[in-house]
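# Structural features, examined
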Amino acid sequence: MTRLSAKTIPGSPTGFAVPDYDRSTVTPGIVHLGIGAFHRAHMAVYVDSLLATNPNWGIVGASLRRPDTKEALEPQDGLYTVAVRDASGTKARVIGSVLKVLDANTQRSELLDLMASPAIRIVSLTVTEKGYCYAPATGELDPNHPDIVHDLANPDSPRSAPGMIVAALAQRRAADVRPFTVMSCDNLPSNGPTTRRIVVRFAELRDPALGAWVAEHVAFPGTMIDRIVPSTTDADRAMVTSLTGLEDAWPIMTEPFTQWVIEDHFPAGRPPFETVGAQVVKDVEPFERMKLRMLNGSHSTLAYLGYLAGHQYVSDAMGDPAFVKLIHNLMTEEAIPTLDMPGVDLAGYRDQLLERFRNPALQHRTWQIAMDGTQKLPQRLLGTIRDRLKADQPITHLALGVAAWMRYVMGIDENGDTIDVKDPLAMRMMAIAAGAGDDPEALFDGLSALTEVFGTDLPENEVFRGTVIEHLESLFEIGSAETVAELVG
Ligand code: CS2
């Protein structure tokens, strides 16, 4: 089988799309840290659409942890296939915007030199929540995080995203080169201001004068990013080959829907993202909050309850009408009332989300979404819960999501089988769960004492405590599916 590459890609293929520009004329303008599946299904696709008219905005991607993306894409000259799937079929498109992938561990100075060069005007990132080395409850840099400790001791050979951004900014400052704009594309709360706080703090810890320079000169626009991207399987690889006739070591599976809302704050310049479907706005925060609380809050709730009920995929959980009703109610009764978005049809947004979650072709594993819950719960469920508690409003559905997470991180499913809990705090949580046994109160008290997740207010709140414990009792007694059915009754 022929491998996808610059040499083998057909000029005018049938049945799939290829770049509509001459890749040899494209030069890098963006460095992207964390070149995983999400970036390749989202921002890289928007950039691919604008390179024909804006060829100086190509992307160089960097992997911070593993070299696997580089290994897959290098023999393909950076080319890869995006397969857009729904019940009506699959559409394939080869994306050419990623010019090169660097492995930050072995090509660190090449990466930092590129980031320091004047041609790079944007450094964007999708390093997942935990890549920011922060305390999720407060959004502040964690100075005791092992990567931050390492990077402060070795500022010229950083391994964290904040360390790398600051190392490159320091080089630019020393060379009198205007700073790049830092654009987070992760699901953090207020991702622009949060990234700014973390990067400025790291720079201050390195050198107060550098911190002041970063605070004064570097822009951190916020973004709301949305596209569902399940991880790729071998069956997906075979399916893509059957569509294109070319072997692709790492194609990307996604849904037809895509959304990108960007705060217009790019003093170093930006490509005309609005010409390729992005919304460029003055204030992105309302959009972020809507998406995190409605989409991601429902997603995590479906993931924990769905996994416990034996559903492998989100679309399987959506096959149970009680689950559909649960997240419909969660959004309508508990999330939407906390949002202030005049002129936006939030009920329409909810219905579109329910439809997206039903997409049977996506095969999005509940286990995938369940990952890193400690980093996700604050912005997906706990912020909404706080707002509602302050207003004396019920939190029944949201609290079930939290209880299901607590039940899930015990690491044993309803059949007594082990759950592979992936989370930076997994070891601590296993120890807490082992100490608590099947006592819901002890489990709640142990897990809610993780102040970097719950803060100090929530564990002490009697309504929160009582509601979560009640749900936990039910999860222990009758299991997830029955608990959901009873609640929506
Ligand atoms: C998901 C998100 O894995 C997860 O936690 O909730 O990745 C979700 O699919 C995206 O945010 C959709 O835009």
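Above: the structure in question.
All right, on to helix α16 (residues 396-408) then. When the terminal C-alpha atoms of α16 are compared, their 18 Å separation across 13 residues agrees well with the 18 Å that a helix rising 1.5 Å per residue should span. Within α16, 12 of the 13 residues are buried, which leaves it mostly tucked inside the rest of the structure. All of the buried residues in α16 are His-397, Leu-398, Ala-399, Leu-400, Gly-401, Val-402, Ala-403, Ala-404, Trp-405, Met-406, Arg-407 and Tyr-408.

For the ligand, the full set of nearby residues is Asn-187, Ile-225, Asp-226, Arg-227, Ile-228, Lys-291, Asn-296, His-299, His-364, Ile-369, Lys-376 and Arg-380. One of the side-chain nitrogen or oxygen atoms of Lys-291 is found 2.7 Å away from an oxygen atom of the ligand. Arg-380 has a polar side-chain atom sitting 2.9 Å from an oxygen atom of the ligand. Out of a free accessible area of 340 Å², the ligand has 90% covered by protein chains. At the level of secondary structure, the elements contributing two or more residues to the shell around the ligand comprise β11 (223-226), α10 (285-308) and α15 (373-390). The element that contributes the greatest number of residues to the shell around the ligand is α10, accounting for 3 residues. Its residues assigned to classes, the shell around the ligand comprises 3 nonpolar, 4 polar and 5 charged.

A separate point is the sheet that holds β11. As a general point, the strands of a sheet are linked pairwise by backbone hydrogen bonds and lie either parallel or antiparallel. Strands sit in the order β11-β13-β14 across an open sheet of 3 strands; the sheet is mixed. Looking along the sheet, the strands with just one partner apiece sit at the ends: β11 and β14 (279-281). The average angle at which neighbouring strand axes cross in this sheet is 15 degrees, direction not considered. Pairing geometry for β11 and strand β13 (residues 259-263), over 4 bridges, is antiparallel. Its bridge partner being in β13, Ile-225 is matched across the sheet by Trp-260.

Let us look at unusual backbone geometry. A positive phi angle, near 60 degrees, is found at Asp-176, a position not held by glycine. Assessed through its relative accessible area of 73%, Asp-176 is described here as exposed.

A few words now on the pattern of salt bridges. Tallied over the full model, the rule gives 25 salt bridges. One salt bridge in this structure joins Arg-93 and Asp-48, with 2.9 Å as the shortest N-O distance. Within this pair, whereas Arg-93 is found in strand β5 (residues 89-95), its partner Asp-48 is found in helix α2 (residues 43-50), the two being separated by 45 residues in sequence. With relative accessibility at 3%, the residue Asp-48 sits in the buried group. Salt-bridge contacts for Lys-100 lead to Glu-110; the nearest nitrogen and oxygen are separated by 3.0 Å. Of the two residues, Lys-100 is situated in strand β6 (residues 98-103) and Glu-110 in helix α4 (residues 108-116); the sequence distance between them amounts to 10 residues. Overall, the relative accessible area of 35% leaves Glu-110 in the partly exposed class. When salt bridges that share partners are traced, they join Arg-65, Asp-147 and Arg-159 into one network.

Criteria and cut-off values
- Residues numbered from 1 in each chain as written.
- Predicted model: local features only at pLDDT ≥ 70, side-chain atom pairs only at ≥ 80, totals over all residues.
- Heavy atoms only, no water.
- Helix = DSSP H or I, 4+ residues; strand = E, 2+ residues; numbered from the N terminus.
- Expected span 1.5 Å × (residues − 1).
- Buried < 20%, exposed > 50% of the residue type's maximum accessible area, 1.4 Å probe, protein only.
- Near = heavy atom within 4 Å.
- Polar contact = N/O pair within 3.5 Å; in protein donor to acceptor, adjacent residues only side chain to side chain.
- Areas by Shrake-Rupley, 256 points an atom, 1.4 Å probe, with all protein chains shown as cover.
- Nonpolar A, V, L, I, M, F, W, Y, C, P; charged D, E, K, R; others polar.
- Pairing = 2+ DSSP bridges.
- Axes fitted to C-alpha atoms, helices over the stretch in contact; angles between N-to-C directions.
- Salt bridge = Lys/Arg side-chain N within 4 Å of Asp/Glu carboxyl O.

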